[in-house]
Amino acid sequence: MALFTRTAPAPEAPQHREEMDVMPLPYFEVDVPIRSTEQPGVRGVHVFTGRADSRSAAVRIAHEVYDAAHVAWEAGLEIPHGRPDCWGACGYRPGWELDWPAATAGRWTKPSTFDL
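In this text the structure is predicted, and so the values were computed from the model without any measurement.

Novice: Hey, could you run me through the layout of surface pockets in this one?
Specialist: Rolled over the atoms, a probe as big as a water molecule pinpoints where empty space is left. Here the largest pocket defines a volume of roughly 270 Å³. Around the largest pocket, the lining comprises 14 residues; the ones closest to its centre are His46, Phe48, Gly91, Tyr92 and Arg93. Elements that contribute at least two residues to the lining of the largest pocket include exactly strand S2 (43-51), helix H1 (55-75) and strand S3 (96-98). Along the lines of polarity and charge, the residues of the lining of the largest pocket split into 10 nonpolar, 3 polar and 1 charged.

Novice: What's the story with the nonpolar core in this structure? I'm lost.
Specialist: Most often, soluble globular proteins have nonpolar side chains that are buried together. Of all hydrophobic cores here, the largest spans 22 residues; its most connected members are Val30, Phe48, Trp87 and Trp100. Excluding its chain neighbours within four sequence positions, the residues that come into contact with Val30 are His46, Val47, Phe48, Ala58, Val59, Ala62, Trp87, Ala103, Thr104 and Ala105.

Novice: In this structure, what is going on with the pairing of strand S1 (residues 27-36)? I would like to understand it.
Specialist: Within a regular strand, side chains alternate between the sheet's two faces. The element S1 is extensively covered by neighbouring structure, given that 7 of its 10 residues are classed as buried. Two strands pair when backbone bridges link them, and S1 and S2 are joined in this way by 9 bridges, in the antiparallel orientation. Residue pairing in the sheet places Val32 in a bridge with His46 of S2. Between S1 and S2, which pair antiparallel one after the other, the connecting turn spans 6 residues, and Gly41 there sits at a positive phi close to 90°.

Novice: Is there a simple way to think about H1 in this case?
Specialist: Along an α-helix, residues three or four positions apart point the same way, because every turn accommodates 3.6 residues. Over its 21 residues, H1 runs 30 Å from end to end, which matches the ideal 30 Å to within 8%, given 1.5 Å per residue. For H1, the complete set of buried residues consists of Ala57, Ala58, Ile61, Ala62, Val65, Tyr66, Ala69 and Ala72. Lining the buried residues of H1 we find S1, S2, S3 and strand S4 (104-107). Where H1 ends, the next residue or the one after it, Gly76, has phi of about 75°, a positive value.

Novice: Help me understand the side chain of Glu29, please; the structure alone is not making it clear to me.
Specialist: By the secondary structure assignment, Glu29 is in strand S1. Classification of Glu29 by relative accessible area gives buried; the value is 4%.

Rules and cut-offs
- Residues numbered from 1 in each chain as written.
- Predicted model: local features only at pLDDT ≥ 70, side-chain atom pairs only at ≥ 80, totals over all residues.
- Heavy atoms only, no water.
- 1 Å grid on protein atoms, 1.4 Å probe; cavity = no way out; pocket = protein on both sides within 12 Å on 5 of 7 lines; lining within 4 Å.
- Points joined across faces, edges and corners; volume = space filled by probe spheres on them.
- Helix = DSSP H or I, 4+ residues; strand = E, 2+ residues; numbered from the N terminus.
- Nonpolar A, V, L, I, M, F, W, Y, C, P; charged D, E, K, R; others polar.
- Core = buried A, V, L, I, M, F, W, Y, C linked by side-chain atoms within 4.5 Å.
- Buried < 20%, exposed > 50% of the residue type's maximum accessible area, 1.4 Å probe, protein only.
- Contact = heavy atoms within 4.5 Å.
- Pairing = 2+ DSSP bridges.
- Expected span 1.5 Å × (residues − 1).

Here is the structure:
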């Protein structure tokens, strides 16, 4: 990780930047069915959220985030989180198998699709 400090004032930003005209990507929720590898019959859903430009991109990114968490956990490293696109993992739970082919994705419009 690099740390940058600025000793001189930054040049004035232009009044209009093309990047500011671009709408931010929408949030998606990816629901992935899971099953316990230690307790037969115990199932659930693992939910990932973040910004993406399509449902297929959301599933791909969620899978990448999960794979990175798994690799870090196996290596005894900190789970990566806090990506600029808001995808990340808070942890990794061994003993659960995710069914990626059955994953579904849609626009995230509320904190959870579950009715509690």
